[in-house]
Amino acid sequence: DGHRRLGLRNTATGEPVGELTVNDAQDVARALERARVAQKKWAQVPIAERAKICAGAIDLLVQYREEVIEMICQDTGKTQTDALMVEVIAGLDFITHYCARAARDLSDEPVKLHGFFRALKKFIVHYRPLGVVGVITPWNGPFALAINPTVQALLAGNAVLLKPSEVAPHSGDWAARLFHEAGVPRDLIQVLHGDGETGAALVSAGVDKISFTGSVATGKKIAAACAEQLIPCTLELGGKDAMIVCADADLERAAGGAVFASVFNSGHVCMGVERIYVVESVADEFESLVEQKIRSLRMGAKGERDVGALFWDRQLSTIERHIEDARAKGAEIVLGGKAVIDGGIFYPPTLVRNVDHTMDLMKHETFGPIVSIMRVKDEDEAIRLANDSEYGLSGSVWTKDEAKGIALAKRMETGSVLINDASMSYGILEVPFGGMKDSGLGQVNGTKSLRSYTFPQPIGVDKRTPKNEPHWYPHDAKTARNLDGMVKLVYGSFLKKLRFFTG
Ligand code: NAD
């Protein structure tokens, strides 16, 4: 019928899991038309009512969680535990949190004015829905990363056109199904399947915002296309997160955190630990603890296991290239370092020591279950190296001294920093999450994020309506005298000291 089709395979077992029909630009245009009609009605639904409807997806997700986990595991090859933790629990938390705060954050907001304006006018800020939002998602957290922008956009009164990754597409269908079953009108959230071609068609279709999560290269293309149309976008892009282990760190905890944050979700985590800088004086002990912990990990396709398959065969080539480059440049591959292809596509948790910044492994996003450790003289050197990156998503500092940890955190050029933990800032919904440098544009989560799916529209009303205002026409000598008198009174007098301008 003229549509391209893509075959899908479970990377843990090699089994085919169906076929994907690629939506083309015409499909996108038709979906946009329907979405526009649905959005007009949805924008009239009171915010509390929108929240009540969307919140219905919470019970449904609890009820369907086993099916959802099964679907995610088939699409990605990840373990059930990773699917539960990274996708289902996170998804539940996103819906619950944003539904609970929607009315507070999105209702008309009265504004206290400064100076003489307070006596003259009153203003509210009305958070107007933008219209139709395009949500484009990656394959590593396909369910949770679809749910978060989608629920925020819906609560803010928009329609959503969701374009899931072609590598793990069914999460998009499930996200839509949960909201539809909860009572969100069918055309208000529509899923468009396909690869970059469908994504590009969506970006240029005439939507009102793009919420993108994915790679730096695609993010830059999307930013350019949005700039052409003067529409906003948020870009949640890749990372190369550094972990700094200070001499006074709790080494047992730091080693456990290092292994988990480098390896969970098969290492396909934007804010996963990709570089570890450990202070020399504790490096022997830290490395030995890390080695013991990696040795105890179990990898496989079924049963009790810690590590699943790689989610995409093409990621394997990046991981292999980085490991071979590191090996050639003198790094020591202590554990792992070789793919296991037996039906599925697996890469064992790999420990690499003696790495340095000439190696791709320390420069570019590897996105695999690799623990890369570099020894440093002191914390200053660790900070310098941590900041020596094109990325700036998040980072972590491990120390028993909280004040020192916070001081070091402030020197890190990253969107967020954790002390004594890593790779979970995205889940803290009260604070903004986003990348500096090449790691992104804009931030998600928090009040600002929810409001970024609206246009904040100030509406002002006059408190007193005289027939004429002193600054309206005619402009004569008296007008100038009055205005000049106001300058002296308001800006040049004791009134300033009365915090006239601060409210
Ligand atoms: P990708 O950029 O290849 O694809 C992401 C999405 O964009 C997919 O749906 C894809 O089909 C679509 N796409 C591709 N080309 C497009 C184009 N020209 N126009 C519009 N859409 C297009 O990324 P990926 O490989 O799926 O995801 C992995 C990347 O995502 C990693 O770099 C990872 O760090 C990043 N990521 C970032 C975050 C974050 O919150 N910062 C979270 C998860 C993943």
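Per chain, residues are indexed from 1 in the order of the written sequence. Residue-level local features of this predicted model are given only where pLDDT is at least 70; pairs of side-chain atoms are given and counted only at 80 or more, and the full residue set underlies all totals for whole chains, interfaces and linings. Side-chain calculation: all heavy atoms of the structure are included, whereas hydrogens and water are not.

> Describe the overall build of the protein, and please don't skip the residues or the numbers.
Where helices and strands are cited, they refer to DSSP runs of H or I of at least four residues and of E of at least two residues respectively, numbered from the N terminus. Secondary structure assignment for the protein yields 17 helices and 22 strands. Projected onto the principal axes, the alpha-carbon positions of the protein cover approximately 85 × 60 × 40 Å. Residue burial in the protein is summarised as follows: out of 503 residues, 53% are buried. Only heavy atoms enter the contact rule, under which two residues are in contact if any of them lie within 4.5 Å. A fraction of 71% describes how many contacts in the protein between residues 6 or more apart in sequence connect residues 24 or more apart. Values of accessible area rely on a 1.4 Å probe in the Shrake-Rupley scheme; residue burial ignores everything except the protein chains shown. Accessible surface, the protein: about 22,500 Å² in total, of which carbon and sulfur atoms supply 55%. His residues and chain termini do not enter the charge count, which takes Lys and Arg as positive and Asp and Glu as negative. Think of each charge as sitting on NZ of Lys, CZ of Arg, CG of Asp or CD of Glu. Across the protein, the centroid of the 59 positively charged side chains sits 10 Å from that of the 64 negatively charged ones. The buried label goes to any residue with under 20% of its type's maximum accessible area, the exposed label to any with over 50%, and the partly exposed label to all in between, with areas taken from a 1.4 Å probe on protein chains only.

> Outline the site of the ligand, listing residues and values.
Residues are counted as near a molecule or strand when any one of their heavy atoms sits within 4 Å of it. Lys-163, Glu-166, Ser-215, Thr-218 and Glu-365 are the nearest of the 30 residues found near the ligand. Within the side chain of Lys-163, an N or O atom sits 2.7 Å from an oxygen atom of the ligand. Pairs of N or O atoms are called polar contacts if they sit within 3.5 Å, as long as, within protein, a hydrogen donor faces a hydrogen acceptor (for residues adjacent in sequence, only side-chain-to-side-chain pairs). Within the side chain of Glu-166, an N or O atom sits 2.8 Å from an oxygen atom of the ligand. If the ligand stood free it would expose 860 Å²; the protein chains cover 90% of that surface. Looking at the shell around the ligand, the elements with two or more residues in it are α7 (196-203), β8 (209-213) and α8 (216-229). Ten residues, namely Ala, Val, Leu, Ile, Met, Phe, Trp, Tyr, Cys and Pro, are considered nonpolar, four, namely Asp, Glu, Lys and Arg, are considered charged, and the remaining ones, Gly among them, are considered polar. Per-class residue counts for the shell around the ligand are 14 nonpolar, 10 polar and six charged.

> Please set out helix α9 (residues 251-263) residue by residue, giving values where relevant.
Multiplying 1.5 Å by the residue count of a helix minus one yields the expected span of that helix. For α9, built from 13 residues, the straight-helix expectation of 18 Å at 1.5 Å per residue is met to within 8% by its first-to-last C-alpha distance of 18 Å. Along α9, the residues classified as buried are Leu-251, Ala-254, Ala-255, Gly-257, Ala-258, Val-259, Ala-261, Ser-262 and Val-263. Turning to α9, the residues buried within the fold contact β10 (241-245), β11 (273-279), α10 (280-295), β16 (370-376) and β18 (394-398). Measuring from the backbone nitrogen of Glu-252 back to the side-chain oxygen at the start of α9 gives 3.2 Å, which picks out Asp-250 as the cap.

> Report on a positive patch on the surface, specifying residues and quantitative values.
Taken together, Lys-112, Arg-118, Lys-122 and Lys-463 make up a surface patch of like positive charges. Checked against the element boundaries, Arg-118 lands in helix α4 (residues 117-120). Assessed through its relative accessible area of 31%, Arg-118 is described here as partly exposed. Patches in this entry comprise residues that are over 30% relatively accessible and not in a salt bridge; like charges within 9 Å are linked, as are nonpolar side chains (Val, Leu, Ile, Met, Phe, Trp, Tyr) within 5 Å. Here a salt bridge means any side-chain nitrogen of Lys or Arg lying within 4 Å of a carboxyl oxygen belonging to Asp or Glu.

> Account for the pattern of salt bridges, naming residues and giving values.
What the rule picks out here adds up to 34 salt bridges. Here Asp-438 and Lys-220 are joined by a salt bridge, their closest N and O atoms 3.6 Å apart. In this pair, Asp-438 sits in the loop between β20 (436-437) and β21 (440-441) while Lys-220 sits in helix α8, placing the two residues 218 residues apart along the sequence. According to the relative accessible area criterion, Lys-220 is partly exposed, its value standing at 49%. Measuring nitrogen to oxygen at the nearest pair gives 2.8 Å for the salt bridge that ties Arg-353 to Glu-332. Of this pair, Arg-353 sits in strand β15 (residues 350-353) while Glu-332 sits in strand β12 (residues 332-335), and the two are 21 residues apart along the sequence. Bridged by salt links that share partners, the residues Asp-284, Glu-287, Glu-332, Arg-353 and Arg-375 form one connected network.

> Quick one: what's the story with the packing of aromatic side chains, residue by residue and with numbers?
Aromatic rings from Phe, Tyr and Trp, taking only the six-membered ring of Trp, are treated as a pair when their centres fall within 6.5 Å; an angle between ring planes under 30 degrees marks them as stacked, one over 60 as edge-to-face, and anything in between as tilted. With the rule as written, the count across this model stands at eight aromatic pairs. A ring pair is formed by Phe-94 and Tyr-426, whose centres lie 5.7 Å apart and whose planes are at 70°; its orientation type is edge-to-face. Linking Phe-94 in helix α3 (residues 80-106) with Tyr-426 in the loop between β19 (416-419) and β20, this pair joins segments that are 332 residues apart in sequence. Residue Tyr-426 is classed as buried on the basis of its relative accessible area of 10%. On the numbers, 5.2 Å between centres and 75° between planes, the contact of Tyr-426 with Phe-433 is edge-to-face. Between the NZ or CZ atom of Arg-177 and the centre of the ring of Tyr-64, over which it lies, the distance is 4.7 Å. Its guanidinium or amino end placed over the ring of Tyr-453, Lys-209 lies 4.2 Å from that ring's centre, counting from NZ or CZ. Criterion for a charge above a ring: Lys NZ or Arg CZ within 6 Å of the ring centre, and within 35 degrees of the ring normal.

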